[in-house]
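# Topology and contacts: notes
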Amino acid sequence: MNKFWVTIWVLLLICLNVRAGEDFLVDEFLAGKNHPKPEVYNYYNFASTEYIPIKLKVSNDISTRDKRKFLYGEEVNLQVKSNVFYKNKLFLKKGTPVTAKIEQIIDSGMNGIPYYIYLNDFAISGLDSSKIFADYHKAGLNLVYWVYPVKWALTFLPPSGILTNIIKGGHAKITSNDIITVYYFPEWE
């Protein structure tokens with residue numbers, strides 16, 4: 001047991017001797033170059049966490065089956081699902097038009113990994129889009145939870161476990177029944 005502790009102490013002393021603060025390659029690379037400091041946004045009120053949840057629905061269904069129809073960066077039309085009130089006043093009417101962009105579509109993979117659709121850059125008419133916090137994604141049918149146990153159960157028969165690799169996950173679909181919630185922070189500056 002003493003040999004173990006002696007070995008640990010020797011390794012610690014060796015590691016402490018390393019001079020991580022002095023890197024001549026970095027100093028040589030940065031010599032004579034001017035790197036401006038990034039801008040710091042000082043006017044944000046970090047104490048304000050008041051937000052307004054806004055429930056949205058898509059106007060037309062979005063599906064990963066329609067590969068030619070929906071592309072990355074394409075605009076999607078949505079609308080406000082119900083009236084939104086803020087401080088006992090009508091803030092947004094039902095049916096107010098909203099736009100979003102398809103940020104990413106991830107294809108399904110082997111072993112039951114599903115398709116994914118990501119929506120972002122929500123813009124509501126009459127509201128400052130920099131005060132909207134939203135990130136919505138929807139996945140297709142996830143088959144991973146039953147494919148992996150079957151795969152590991154079949155590993156004792158050499159080629160049979162590999163055959164589960166051809167199973168792919170389901171397509172993602174956003175319908176008008178799905179509720180997309182975005183948050184508007186009215187006190188952000």
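To be clear, the structure that these remarks concern was listed above.
The text that follows walks through the structure, step by step, so that each part is easy to find. (Residues numbered from 1 in each chain as written. Predicted model: local features only at pLDDT ≥ 70, side-chain atom pairs only at ≥ 80, totals over all residues. Heavy atoms only, no water.)

## Looking at the overall build of the chain
Operational definition: Per the convention used, a helix needs a DSSP run of H or I reaching at least four residues, while a strand needs a run of E reaching at least two, with both numbered from the N terminus. In this treatment the radius of gyration is a C-alpha quantity, and the globule benchmark scales as 2.2 Å times the residue count to the 0.38 power. For each residue, the accessible area found with a 1.4 Å probe, counting protein chains only, is set against the maximum for its type, and the residue is called buried under 20%, exposed over 50%, and partly exposed in between. Contacts between residues were defined by any pair of non-hydrogen atoms, one from each residue, lying within 4.5 Å. For the accessible areas, the method is Shrake-Rupley and the probe is 1.4 Å, while residue cover comes only from the protein chains on display.
Tallying secondary structure elements over the chain gives three helices and eleven strands in all. Counting helices and strands in the order they occur from the N terminus, the chain gives α-α-β-β-β-β-β-β-β-β-β-α-β-β. For a compact globule of 189 residues, the expected C-alpha radius of gyration is about 16 Å, and the chain comes in at 27 Å, more than 25% above that figure. In terms of its C-alpha atoms, the chain occupies a principal-axis envelope of roughly 75 × 60 × 40 Å. Taking all 189 residues of the chain together, 29% fall into the buried category. Within the chain, contacts between residues separated by at least 24 positions form 66% of all contacts whose residues are at least 6 apart in sequence. Of the roughly 14000 Å² that the chain leaves accessible, carbon and sulfur atoms contribute 59%.

## A word on the packing of aromatic side chains
Threshold: The criterion for an aromatic pair is that two Phe, Tyr or Trp rings (for Trp, the six-membered ring) have centres within 6.5 Å, with stacked assigned to planes under 30 degrees apart, edge-to-face to planes over 60 apart and tilted to the rest. Only when the NZ of Lys or the CZ of Arg is both within 6 Å of the ring centre and within 35 degrees of the ring normal is a charge said to sit over the ring.
For the structure shown, the criterion picks out six aromatic pairs. By way of ring pairs, the aromatic residues Y51, Y183 and F185 are connected into one cluster. The ring of F29 is capped by K33, whose NZ or CZ atom sits 3.7 Å from the centre of that ring.

## Focus: unusual backbone geometry
A positive phi angle is found at N111, which is not glycine, with a value near 65 degrees. Inspection of the secondary structure puts N111 in the loop between β6 (97-106) and β7 (116-124). Overall, the relative accessible area of 8% leaves N111 in the buried class. Positive phi values are uncommon outside glycine, yet D121 reaches one of about 55 degrees. Counting through the fold element by element, D121 comes out in strand β7.

## Some thoughts on the environment of L16
In this structure, L16 sits in helix α1 (residues 2-16). With a relative accessible area of 67%, L16 lands in the exposed category. Separated by 58 residues in sequence, L16 and E74 have C-alpha atoms that sit 54 Å apart.

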